[in-house]
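Each chain is listed here by its residues.
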Amino acid sequence: FEPVFDDDRQEVVDNALAVGVSRVLLANVDSTTIAQMRSCAAQYPEFCAMAMGLHPTSVVPETMEQELQTALTELSNHPTDYCAVGEIGIDLYWDATYLKEQQQVFEAQLDFAKQYDLPVLIHTRKAYAETFQSLQRVRGNRGVMHCFGGGIEEAKKAVQLGFCLGIGGVVTYKNSHLDEIIRPIGLQHIVLETDAPYLPPTPHRGKRNEPKYIPLIANKLAEVFGTTIDDVDTITTQTARNYFPLAKF
């Protein structure tokens, strides 16, 4: 639902369907993105599923309570529209000024997810320790560590806490070492992602990312795990179904 897709959204959906991508999950950012997300999902109800949440980079003290209330109201008023709570988490990449507020908002939304029995989409950058602290304080959540970029210990910890790893274009980058990190974790703990319009796989780095590139990621995972792209498709799709049953993957 990003504006970068406004001129060719139908073509993007058609291209995805043409390569076998039949379902995508749209993650909310904050109150300013809800209308665009809902519009996109209404236009392509068989292709798009939705998650409701407040992204950590949108957390500021002045608006966080109202933003949380908006997210909770959406979940309460439209309980069958959302298959997950997200994108939520902690992001200290640019600035750690609002760490306390981010933790408060993250944990409140983890409680929302438990209240509505929904999985979560977790965004974490330069904040794995803090993210795990929150998950251990709240306990009982499940979901995906979106755009996973941690090391082997973080990967093991995530799986131990009941999460799968979202793997996208970064695994195809020559110096990411993500392939070495996920190999011992196992394909059964991975789901495929795009993070569109960001982080496209090689050879499309620097361009707009979109769902039609998912087979490039699946092909890389087949190489990493010494299996076939069909097996990657089957296993990761089943994992997505297990974690996000309401998304109808």
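The structure displayed is predicted, hence computed values, not measured ones.

Overview of the side chain of histidine 55
Stage number 1. Position of histidine 55 among the secondary structure elements: in the loop between β2 (48-52) and α3 (64-77).
Stage number 2. Taking relative accessible area as the criterion, histidine 55 reaches 9% and is therefore assigned buried.
Stage number 3. Side chain to side chain, histidine 55 and threonine 57 meet in a polar contact 2.9 Å long.
Stage number 4. Within polar-contact distance, the side chain of histidine 55 engages the side chain of histidine 123 at 3.4 Å.
Stage number 5. Setting aside its immediate chain neighbours within four residues, histidine 55 contacts Val29, Glu87 and His123.

Things to note about unusual backbone geometry
Stage number 1. The omega torsion across glycine 86 and glutamate 87 is 15 degrees, close enough to zero to call that bond cis.
Stage number 2. By the secondary structure assignment, glutamate 87 is in strand β3 (residues 82-91).
Stage number 3. One non-glycine residue with positive phi stands out, namely lysine 126, at about 50 degrees.
Stage number 4. Checked against the element boundaries, lysine 126 lands in the loop between β4 (120-125) and α5 (128-138).
Stage number 5. Located in the positive-phi region is arginine 139, a residue other than glycine, with phi close to 60 degrees.
Stage number 6. Considering the arrangement of structural elements, one finds arginine 139 in the loop between α5 and β5 (143-145).

Remarks on the sheet that holds strand β1 (residues 24-27)
Stage number 1. Across the sheet, which stays open at both edges, the 7 strands sit in the order β1-β2-β3-β4-β5-β6-β7 with parallel pairing between neighbours. This sheet does not close on itself; its edge strands, each paired only once, are β1 and β7 (190-192). For this sheet, the mean angle separating the axes of adjacent strands, direction not counted, is 35 degrees.
Stage number 2. Pairing between β1 and β2: 4 bridges, direction parallel. Note that in β2 the partner of leucine 25 across the bridge is alanine 49.
Stage number 3. Strands β1, β2 and β3 of the sheet are contacted by helix α2 (residues 34-43), whose axis makes an angle of about 155 degrees with β2.

Some points on the packing of aromatic side chains
Stage number 1. Summed over the entire model, instances satisfying the criterion amount to 3 aromatic pairs.
Stage number 2. Plain terms: the ring middles of tyrosine 93 and tryptophan 94 are 4.7 Å apart, the flat faces sit at 90 degrees to each other, and that makes the pair edge-to-face.
Stage number 3. Given a relative accessible area of 41%, tyrosine 93 falls into the partly exposed group.
Stage number 4. We classify tryptophan 94 as exposed; its relative accessible area is 70%.

Some details on helix α9 (residues 229-243)
Stage number 1. The end-to-end C-alpha separation of α9 is 21 Å, in line with the 21 Å expected for 15 residues at 1.5 Å each.
Stage number 2. Regarding α9, the residues found buried are Val232, Thr236, Thr239, Ala240 and Tyr243. Down the axis, α9 shows its buried residues gathered within 100 degrees of arc, on one side only. Opposite the buried face of α9, at more than 90 degrees from it, the exposed residues are Asp230, Thr234 and Asn242.

As for the packing of α3 against helix α4 (residues 99-115)
Stage number 1. In contact at an axis separation of 11 Å, α3 and α4 are set at 15 degrees when each is read in the N-to-C sense. The orientation of α3 relative to α4 falls into the category roughly parallel. For the pair α3 and α4, the sense of crossing is right-handed. Mapping the contact onto sequence places Met64, Glu65, Leu68, Leu72 and Leu75 in α3 and Glu101, Gln104, Val105, Ala108, Gln109, Phe112 and Gln115 in α4.

Examining the nonpolar core
Side chains that are nonpolar tend, in soluble globular proteins, to be buried together.
Stage number 1. In this structure, Met145, Phe148, Leu165, Ile167, Ile182 and Leu221 are the most contacted members of the largest nonpolar core, which totals 63 residues.
Stage number 2. If one sorts the elements of this core by residue count, helix α8 (residues 214-225) sits on top with 7 residues.
Stage number 3. Look past the residues within four positions of leucine 221 in its chain and what remains in contact with it is Ile167, Val171, Ile182, Leu187, Ile190, Leu192 and Val232.
Stage number 4. If you look at the next biggest cluster of nonpolar residues, it comprises 13 residues, including Ala51, Val144, Cys164 and Ala240.

Looking at α8
Stage number 1. Look at α8: 17 Å from first C-alpha to last across 12 residues, which is about the 16 Å you get at 1.5 Å a residue.
Stage number 2. Buried residues in α8 make contact with β6 (163-167), α7 (178-182), β7 and α9.
Stage number 3. Backbone geometry just after α8 places glycine 226 at a positive phi near 65 degrees.

Basis of the calculations
- Residues numbered from 1 in each chain as written.
- Predicted model: local features only at pLDDT ≥ 70, side-chain atom pairs only at ≥ 80, totals over all residues.
- Heavy atoms only, no water.
- Helix = DSSP H or I, 4+ residues; strand = E, 2+ residues; numbered from the N terminus.
- Buried < 20%, exposed > 50% of the residue type's maximum accessible area, 1.4 Å probe, protein only.
- Polar contact = N/O pair within 3.5 Å; in protein donor to acceptor, adjacent residues only side chain to side chain.
- Contact = heavy atoms within 4.5 Å.
- Pairing = 2+ DSSP bridges.
- Axes fitted to C-alpha atoms, helices over the stretch in contact; angles between N-to-C directions.
- Phe/Tyr/Trp six-rings, centres within 6.5 Å; stacked < 30°, edge-to-face > 60°.
- Expected span 1.5 Å × (residues − 1).
- Arc of directions from axis to C-beta.
- Parallel < 35°, antiparallel > 145°, perpendicular 65-115°, else oblique.
- Left-handed = near helix turned anticlockwise from the far one by under 90°.
- Core = buried A, V, L, I, M, F, W, Y, C linked by side-chain atoms within 4.5 Å.

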